[in-house]
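Descriptive analysis of the structure
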Amino acid sequence: MNLKPEDLKAGSEIPSLTKDLVEERLTQADGSILLDEDPEKSIYRNVEYARQKGMPGVLIAGVVTMSLISEMLQKAFGERWVKGGKLSVTFINMAFSGDVVTAKAVVKERAPEDPPEYLPLEVWMENQRGEKTIVGSAAVPL
Amino acid sequence: MAQKRPLEEAQVGEELGPIRYKVSEKLVKKSVELVDEPHPWYLSNSPFGGPIVPPLIIASDYIRAWSVKFFGEEPIHTKAEHHYINPAKVGKELIVTGKVTDRYNKRGRDYLVFETVTKDEDGLEIVRSKNTLLINL
């Protein structure tokens, strides 16, 4: 896609990225495997164990959902994102297997504290119910 | 290798790593299976001279760093900051170093903050990260 950050204005929406969080694939994700030593007793890898803990499916590791935001920005800005991009997020709600999540971003109004050499973005992730699971900001080098 | 300790015992100032791992094509293919339309730069050429490593692999570096030293029951990632400095190239060895930089309690729950730096085998800085983990859900 290769959007030019210098051409974007506050309010410009970045093309979103939607993913179906399929359990089978995600339990083998790097972040899931590294987080738990015992796959049988893992809220990240064993759906039955996760349900015993009151979860609707396996918990999707934060690195997995966050990396979808990075994917979205890489598709939008290409080299500009890969060399110099900054991402800062807070995980506010859990994402589970079976959820469909959408990564979104919009150009922010520049605040005095925003470095002039970067385009400031608001980023977030929503699930299929429109609930935000991640909120944060990103900065793309101009 | 020293026995792993529970995350609850991590102390501010404790060093993490260096952890070395090689990003193989196999690891990349496993990572991009999560994504229906993986970016072509991961599996074929890129403007950086060869395929580059997907963000999911790099994002997990802080886990690589603490999980060889500590174990945790149901740790939850609560915050993340990444500064992507250079793309990592597939086939290169990556080296992760870091430190436990903060520990605090909020509303009865304990949190740890890890700061890590990933470089490649040539000393090229790849990413600087700061991640917060809730260690006792």
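Residues numbered from 1 in each chain as written. Chains lettered and ligands numbered in written order. Predicted model: local features only at pLDDT ≥ 70, side-chain atom pairs only at ≥ 80, totals over all residues. Heavy atoms only, no water.

**What about the interface of chain B and chain A?**
Interface size, as often reported, equals the accessible area lost upon joining of the parts. Of the residues lining the interface, 41 residues belong to chain B; the matching set on chain A comes to 42 residues. In total, about 3600 Å² of surface goes out of reach between chain B and chain A, with carbon and sulfur atoms giving 59% of it. Our enumeration of links across chain B and chain A arrives at 0 salt bridges. Our count for the contact surface shared by chain B and chain A stands at 10 residue pairs in polar contact (both at pLDDT 80 or more). Taken together, the elements giving at least two residues each to the side of chain B that touches chain A come down to α1 (25–32), α2 (40–43), α3 (55–59), α4 (61–67) and β4 (76–84) of chain B. (Contact = heavy atoms within 4.5 Å. Buried area = accessible area lost by both parts, 1.4 Å probe. Salt bridge = Lys/Arg side-chain N within 4 Å of Asp/Glu carboxyl O. Polar contact = N/O pair within 3.5 Å; in protein donor to acceptor, adjacent residues only side chain to side chain. Helix = DSSP H or I, 4+ residues; strand = E, 2+ residues; numbered from the N terminus.)

**Quick word on the nonpolar core**
All names here are of chain A. Formed by 79 residues in total, the largest nonpolar core has its most connected members in I69, L73 and L121. Here this core gets 9 residues from one element, more than from any other, and that element is helix α4 (residues 62–77). Not counting residues up to four positions away in its chain, the partners in contact with L73 are G78, W81, A105, L121, V123 and A138. (Core = buried A, V, L, I, M, F, W, Y, C linked by side-chain atoms within 4.5 Å. Buried < 20%, exposed > 50% of the residue type's maximum accessible area, 1.4 Å probe, protein only.)

**Description of the pattern of salt bridges**
Where charged atoms from two side chains of opposite charge approach closely, those side chains can pair. Residues and elements named next belong to chain B. Summed over the entire model, instances satisfying the criterion amount to 12 salt bridges over all chains. One salt bridge connects E14 with K69, and the closest N-O pair in it is separated by 3.2 Å. Of this pair, E14 sits in the loop between β1 (5–6) and β2 (15–22) while K69 sits in the loop between α4 and β3 (70–71), placing them 55 residues apart in sequence. Judged by relative accessible area, which is 13%, E14 ranks as buried. Under the relative-accessibility criterion, K69 is labelled partly exposed at 27%. Put simply, K99 and E15 hold a salt bridge, and the shortest N to O gap is 3.8 Å. Of the two residues, K99 sits in strand β5 (residues 93–106) while E15 sits in strand β2, which places them 84 residues apart along the sequence. Given a relative accessible area of 35%, K99 falls into the partly exposed group. Where salt bridges share partners, they join R5, E9, E14 and K69 into one cluster.

In short, shape yes, function no, at least from these values alone.
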